[in-house]
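Reading the structure
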Amino acid sequence: MSALLEVDGLEVDYGTARALDGADLRVAAGEAVGVVGESGSGKSTLGAAIGRLLPRQAVVAAGTVRVAGEPVLDLPPAALRRLRRQRLGFVFQDPIASLDPTMKVGAQLRLVLRAHGRESPGGRDGGRGGGDVAFHLERVRLDDPRVAAAYPHQLSGGMAQRVAIALAMAASPELLVADEPTASLDSQVREEVLNVVFALARQAGTSIVWLSHDLPAVARRCDRVAVMYAGRVVESGPAADVLGDPVHPYTAALARSAPAVAVPGVRLEPVPGRPPVLTGPSPGCAFAPRCPFAEDRCATERPEPVRVGAKDVLCHRAAELEVIA
Amino acid sequence: MKETAGEKETAGVKGVKGRRPRQRLDPLSLTGLGCLLLLVLVALGSLVHAGGDPDAIVGPRLRPPGPGWWLGTDNLGRSMLPRVMEGVGTTLLLSSAAVLVTAALSAGFGILAGYRGGYLNELIMRVVELLYSFPAIVLAILVAAVAGPGQLAAVASIVLVTIPLMTRLVRAAAVAVAERDYVTAAAISGAGLPRILGRHVLPNVAGTIAVQGTYALSVGISVEGGLSFLGFGVQPPQASLGVLIRQGGTYMMAAPWLIIGPGVVLVLAILSINVLGDGLRDRFEPRETRSLI
């Protein structure tokens, strides 16, 4: 089965700062992939690149992004619009900001539905009307009819995010990119919102790329995990393998620093040092200065992905470390 | 009473907040609005000659205010009251027409420049800056020289004087809106440029356009006044505030009421519009954005 999303060697610069330094990512149809990493590791840039939503000052230095085989970064405008409309959905971090403050929720939903014509599953009555809107709001468990008549500022964060999810999923996209969709919500609402996203995606057969800080939640919900560090995916593979049995020293350090896996009374181990700020291609492994297993070649030679079991690991010493792990 | 009822109704549903209490204009801006409406009423009154026929000769020349001519008479013995009423009407009409044109053009150019960026933005902004660098009255005289003195010159001058600032501010607002997630989300849902600009960007910069529109109106009134005062705008016998002040200026020492009437009305109009604009700005743009005028 060929992948729905293929990101190959993507390099993106913001002026002199390098956000992506050769990132690779593959997502199969119907698969949920969690992308985890520290702030500044390039998660959001990767997410934006999938929809060609990079800010104006971003420059793609190298690499390709393919969605269903189509080169997203090279498409002419009309084809790009069609690809976005038919295949892509996005959910952003700040739910209130992702809704237009001047338009009622129902009107925004109708606008999206009209753009997709009547091909949406809610278009059963063929009408242009309220039935569709109510159907799509009920799918995200917003049953109150007053939600459709409300402006975004009248909704709570959790409700607004569910509306944003309804908007993104209205057209049953093939790929949903969720950029920390629960970062601004409190922990109780967080679970409900994630339940809604994953339930809808499963129903529609939508693949999910979920950018997140939350390792345990990713481990619970995603089929596969990709760990990013300094603009590269350093380890990817089945979620349980990557987080439960990490090979890359960074993944291992990250897994040890997660509060949820801590045993009470035992100190959390933060990753020593701080993430680098790249100004160009990293000469070697970007994690080398912080890595307890670094050798000479780590600083001078760029690691290539190594297959370890079911995982792809970006480490010169992956084979040896696997034995240790 | 209504507020509490509304809150009770929503209290049962988790998350849906009640309607925000309607923000009202502060008393000062309301006074400004009232003043402006009064001037509009006066202008409408002149259409039915509520204060008398502006062109009729009613008495001796250059008489101070008195019964029959409550604002005095001019050098031809016409009563100043109906002339000032007609003048307010002409000035307000020309300025508002010009501001509507400015608003439409600024909205179009500003939103395009702000959303699209790139060369289009550079082109629009450089042209706007070129216009901005001319002193208002020099620009107005230039327009009058090209188009010939008259109402059209007055309108065109007001448009050219007010368009740079409004375009720049609309562009700035559009740049901010263009980066918001809902615009990105609209793009992802496959919306074309017209829908993004018309349905998402324009409504979100409308507050800026409204606020700048009021300021542009007051600038427009003073440009019309200045241009007509210099003789390049509205032409007599039609009255505008600028025309009246120009005619009154000749007899300023002998008959000061000729300029006091239209002058006071001119000041009142500009002042009330500015005060109203401040109120609208506080309402629409509650942050620290201040007019550059």
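Before going into details, it helps to say that this report is about the structure given with it. (Residues numbered from 1 in each chain as written. Chains lettered and ligands numbered in written order. Predicted model: local features only at pLDDT ≥ 70, side-chain atom pairs only at ≥ 80, totals over all residues.)

Right, let's talk about the overall build of chain B for a bit. The helix and strand tally for chain B stands at 10 helices and 0 strands. Reading chain B from its N terminus to its C terminus gives the helix and strand order α-α-α-α-α-α-α-α-α-α. Taking all 293 residues of chain B together, the buried fraction comes to 45%. (Helix = DSSP H or I, 4+ residues; strand = E, 2+ residues; numbered from the N terminus. Buried ≥ 20, exposed ≤ 12 C-beta atoms within 10 Å, placed from the backbone.)

Another point: the overall build of chain A. Summing up its helical and strand segments, chain A has 11 helices and 12 strands in all. The C-alpha atoms of chain A give 21 Å as radius of gyration, which agrees with the globular expectation for 325 residues (20 Å, within 12%). C-alpha atoms of chain A, sized along the principal axes, occupy 65 × 50 × 35 Å. Counting every position in chain A, which comprises 325 residues, the buried fraction comes to 49%. In chain A, the proportion of contacts linking residues at least 24 apart, taken out of those at least 6 apart, comes to 64%. (Rg over C-alpha atoms; globule rule 2.2 N^0.38 Å. Contact = placed C-beta atoms within 7 Å.)

With that out of the way, let us pick up the sheet that holds strand S9 (residues 224–229) of chain A. To summarise the sheet geometry, strands pair through backbone hydrogen bonds and adopt either a parallel or an antiparallel arrangement. Residues and elements named next belong to chain A. One open sheet holds the 8 strands; their spatial order is S6-S7-S8-S3-S9-S10-S12-S11, and the pairing between them is mixed. Both outer strands of the open sheet, strand S6 (88–91) and strand S11 (306–308), are each paired with one neighbouring strand and no more. On average, each strand axis in the sheet is inclined to that of its neighbour by 20 degrees, with strand direction left out of account. Summarising the sheet, S9 and strand S10 (residues 232–238) pair through 6 bridges and their orientation is antiparallel. For Met-228, the partnering residue across the bridge sits in S10 and is Val-233. (Pairing = 2+ DSSP bridges. Axes fitted to C-alpha atoms, helices over the stretch in contact; angles between N-to-C directions.)

Moving on to helix H9 (residues 241–249) of chain B. Residues and elements named next belong to chain B. Along H9, 7 of the 9 residues are buried, which leaves the element largely enclosed by surrounding structure. Restricting attention to buried positions, one finds in H9 the residues Leu-241, Gly-242, Val-243, Leu-244, Ile-245, Arg-246 and Gly-248. For H9, the secondary structure elements touched by its buried residues are helix H3 (80–116), helix H8 (193–229) and helix H10 (257–284).

Next up on the list: the interface of chain B and chain A. Counting residues at the interface gives 21 residues for chain B and 30 residues for chain A. Those elements that provide at least two residues to the side of chain B that touches chain A are helix H7 (181–188) and H8 of chain B. Taken together, the residues of the side of chain B that touches chain A break down into 8 nonpolar, 8 polar and 5 charged. (Nonpolar A, V, L, I, M, F, W, Y, C, P; charged D, E, K, R; others polar.)

All names here are of chain B. Secondary-structure assignment places Ala-154 in helix H6 (residues 151–178). Take Ala-154: there are 33 C-beta atoms within 10 Å of it, and that puts it in the buried class. For the pair Ala-154 and Gln-247, spaced 93 residues apart in sequence, the C-alpha separation works out to 18 Å. Contact partners of Ala-154, with chain neighbours within four places excluded, come to Leu-94, Glu-224, Leu-227, Ser-228, Gly-233 and Val-234.

This part covers the pairing of S10(A). Remark: a regular strand shows side chains that alternate across the two faces of the sheet. Residue and element names in this part refer to chain A. Taking burial as the measure, the 7 residues of S10 include 6 buried ones, the bulk of the element. Counting the residues between successive antiparallel strands, the hairpin from S9 to S10 contains 2 residues, one of them, Ala-230, with a positive phi of roughly 45 degrees. Pairing of S10 with strand S12 (residues 311–313) involves 2 bridges; the strand directions are antiparallel. Within S12, the residue paired with Glu-235 across the bridge is Val-313.

It is worth spelling out the sheet that holds strand S5 (residues 70–71) of chain A at this point. All names here are of chain A. One open sheet holds the 4 strands; their spatial order is S2-S1-S4-S5, and the pairing between them is antiparallel. The two strands at the open ends of the sheet, each matched to only one other strand, are strand S2 (17–27) and S5. When strand S1 (residues 5–14) meets strand S4 (residues 58–67), the two strands line up antiparallel, connected through 8 bridges. Paired with Val-7 across the bridge in S4 is Val-65.

The subject of this paragraph is the packing of H8(B) against H10(B). All names here are of chain B. Across the interface, H8 lies against H10 with an axial gap of 8 Å and an inter-helix angle of 165 degrees. Looking at the two axes, H8 sits roughly antiparallel to H10. Pair H8 / H10 crosses with left-handed handedness. Contacts from Gly-207, Ala-210, Val-211, Thr-214, Tyr-215, Leu-217, Ser-218, Ile-221, Ser-222 and Gly-225 of H8 reach H10 at Leu-266, Ala-269, Ile-270, Ile-273, Asn-274, Leu-276, Gly-277, Leu-280, Arg-281 and Phe-284. (Parallel < 35°, antiparallel > 145°, perpendicular 65-115°, else oblique. Left-handed = near helix turned anticlockwise from the far one by under 90°.)

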